[in-house]
Amino acid sequence: MNVSVELCSPPELDDRITIVRAGDEVDGIFVRTKRFNVLVDTLGTPELCRTALDLLGEDVHARPLLVVNSHMDWDHFWGNAAIAGKAPIIAHAATLERLRDPSSLQVLKDKVREDQRFRNVELVAPDITFSGSMTLHGGDLTLELFHTPGHTPDHVSVWIPEIRVCLAVDAVEYPIPEVWSRSAHDLRLLSSSLERIRDLNARFVIPAHGRTLSPATVDDNLLYFKELASRVENLSESDLLGPGLNKAVGFRLQDFVAIPADMATEVVAFYEGFHDTNLGATIQARLDG
């Protein structure tokens, strides 16, 4: 699979922010401040990350570079090897816990078997970790890194108050977000993270998937979970535990959100998988009382 990298600068965004787009796979973000530059996520391979850095050109070298790993999912941090030793990498402390789990290496082995473009990936840990929140003072812009768990335990979003922009990464997604597991606890965490992002009253909310800047996406994500909970609430316990609920009319992905006509079949299947996990978490929340 060939993935191309391009730089996108939507005219409505502040010109100090550039979207680094790796095809349909993921969007990273490059932010210029007076004191330093920040790259949020290193994409899915070292080669993709190097290509992005080359495209950014002199901007990368004009000031010290800091890198933020929003979370440890492969498409967001497997490019770290291109940065290692050249710039400090910052992430939430829970990232190290995920990285130490044997399943992390197994995911890499599986991906290499599927696609040889991952053969040069090294699992490079962050240099600096934090819990709760961390603030980077760039002089003209402030980047507030804050913990937004639920999509994953280590997920971090970035708030830039001077221009009211939230880099929500995977805490917000279009058409729907994904909880970490079928655990009701993770569903509640993601809902709380979405509410926290909503309460920022951002002018722009930039997710890593979905190619949208609209803060309305946050409300849509919250409404999706609210509607999911409402429909599950009306079912008997036997219905909740029955097989195939995710395929029943009223509980399918398309019954909750409008699927864009131009969305590829494989992408729809991807989000249907999200929906199945979300439904499972919602059912568990109902069973937990």
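Structure's up top.
Residues numbered from 1 in each chain as written. Predicted model: local features only at pLDDT ≥ 70, side-chain atom pairs only at ≥ 80, totals over all residues. Heavy atoms only, no water.

### Describing helix α7 (residues 216-233)
Short version of the rule: The helix count covers DSSP runs of H or I at least four residues long, the strand count covers runs of E at least two residues long, and both are numbered beginning at the N terminus. Residue count minus one, scaled by 1.5 Å, sets the expected span of a helix. Exposure is judged per residue with a 1.4 Å probe applied to protein chains only, and the accessible area is read against the type maximum: over 50% gives exposed, under 20% gives buried, and values in between give partly exposed. The directions considered for the arc are those from the helix axis to the C-beta atoms. Note on contacts: a residue pair qualifies if any of its non-hydrogen atoms lie within 4.5 Å across the two residues.
Over its 18 residues, α7 extends 26 Å from the first C-alpha to the last, a length consistent with the 26 Å expected when each residue adds 1.5 Å. Thr217, Val218, Asn221, Leu222, Tyr224, Phe225, Leu228 and Val232 are the residues of α7 that are buried. For α7, the buried positions fall inside an angular range of 145° around the axis, keeping them on one side. Of the exposed residues in α7, the ones pointing more than 90 degrees away from its buried face are Leu223, Lys226 and Glu233. Contacts from the buried residues of α7 go to α6 (184-198), β12 (204-207), α8 (237-241) and α9 (265-288).

### Looking at the sheet that holds strand β10 (residues 156-160)
Condition: Here, any two strands with at least 2 DSSP bridges between them count as paired. Only the stretch in contact is used when fitting a helix axis, every axis being a line fitted to C-alpha atoms; angles between N-to-C directions are given from 0 to 180 degrees.
The five strands lie next to each other as β8-β9-β10-β11-β12, forming an open sheet whose pairing is mixed. With partners counted over all chains shown, the strands left at the sheet margins are β8 (133-137) and β12, one partner each. Strand after strand, the sheet turns through a mean of 20° between neighbouring axes, direction not considered. When β10 meets strand β11 (residues 165-169), the two strands line up antiparallel, connected through three bridges.

### A few points about the environment of cysteine 49
Mapped onto the secondary structure, cysteine 49 falls in helix α1 (residues 46-56). Residues cysteine 49 and proline 161, 112 residues apart in the sequence, show an inter-C-alpha distance of 27 Å. Excluding anything up to four places from it in sequence, cysteine 49 contacts Leu39, Thr42, Leu43, Gly79, Ala82 and Ile83.

### Focus: the packing of aromatic side chains
The criterion, for reference: Side-chain rings of Phe, Tyr and Trp, where Trp is taken by its six-membered ring, are said to pair if the distance between their centres is within 6.5 Å; with planes under 30 degrees apart they count as stacked, over 60 as edge-to-face, and otherwise as tilted.
Under the counting rule described, the total for this entry stands at eight aromatic pairs. The interplanar angle of 50° and the centroid separation of 5.9 Å between the aromatic rings of tryptophan 74 and tryptophan 78 together place this pair among those described as tilted. Relative to phenylalanine 256, the ring of tyrosine 224 has its centre 5.8 Å away and its plane inclined at 85°; by these criteria the two rings are edge-to-face. One end of the pair, tyrosine 224, is in helix α7; the other, phenylalanine 256, is in the loop between α8 and α9, with 32 residues separating them in the sequence.

### Re the packing of α7 against α9
Test applied: Angular relationships are summarised with four words: roughly parallel below 35 degrees, roughly antiparallel beyond 145, roughly perpendicular across 65 to 115, and oblique for the angles in between. Crossing handedness: left-handed means the near helix sits turned counterclockwise from the far one by under a right angle, and right-handed means the same turn made clockwise. Polar here means any residue other than Ala, Val, Leu, Ile, Met, Phe, Trp, Tyr, Cys and Pro, which are nonpolar, and Asp, Glu, Lys and Arg, which are charged; Gly is therefore polar.
With their axes 10 Å apart at the nearest point, α7 and α9 run at an angle of 55° to one another. Judged by the inter-axis angle, α7 sits oblique to α9. Two packed elements cross with a definite hand, and for α7 against α9 that hand is right-handed. Packed against α7, whose contacting residues are Tyr224, Phe225, Leu228, Ala229, Val232 and Glu233, the element α9 presents His275, Asn278, Leu279, Thr282, Ile283 and Arg286 at the interface. Here the contact of α7 with α9 is built from residues that sort into seven nonpolar, three polar and two charged.

### A few points about α1
Within the sequence span of α1, burial applies to Pro46, Leu48, Cys49, Ala52, Leu53 and Leu56. Take α1 and look down its axis: the buried residues cluster within an arc of 160°, on one side only. After α1 finishes, the residue glycine 57 shows a positive phi value of roughly 60°.

### So, the environment of glycine 138
As for its placement among the helices and strands, glycine 138 is situated in the loop between β8 and β9 (142-147). For glycine 138, a relative accessible area of 0% puts it in the buried group. The residues contacting glycine 138, other than those within four sequence positions of it, are Thr33, Lys34, Arg35 and Phe36.

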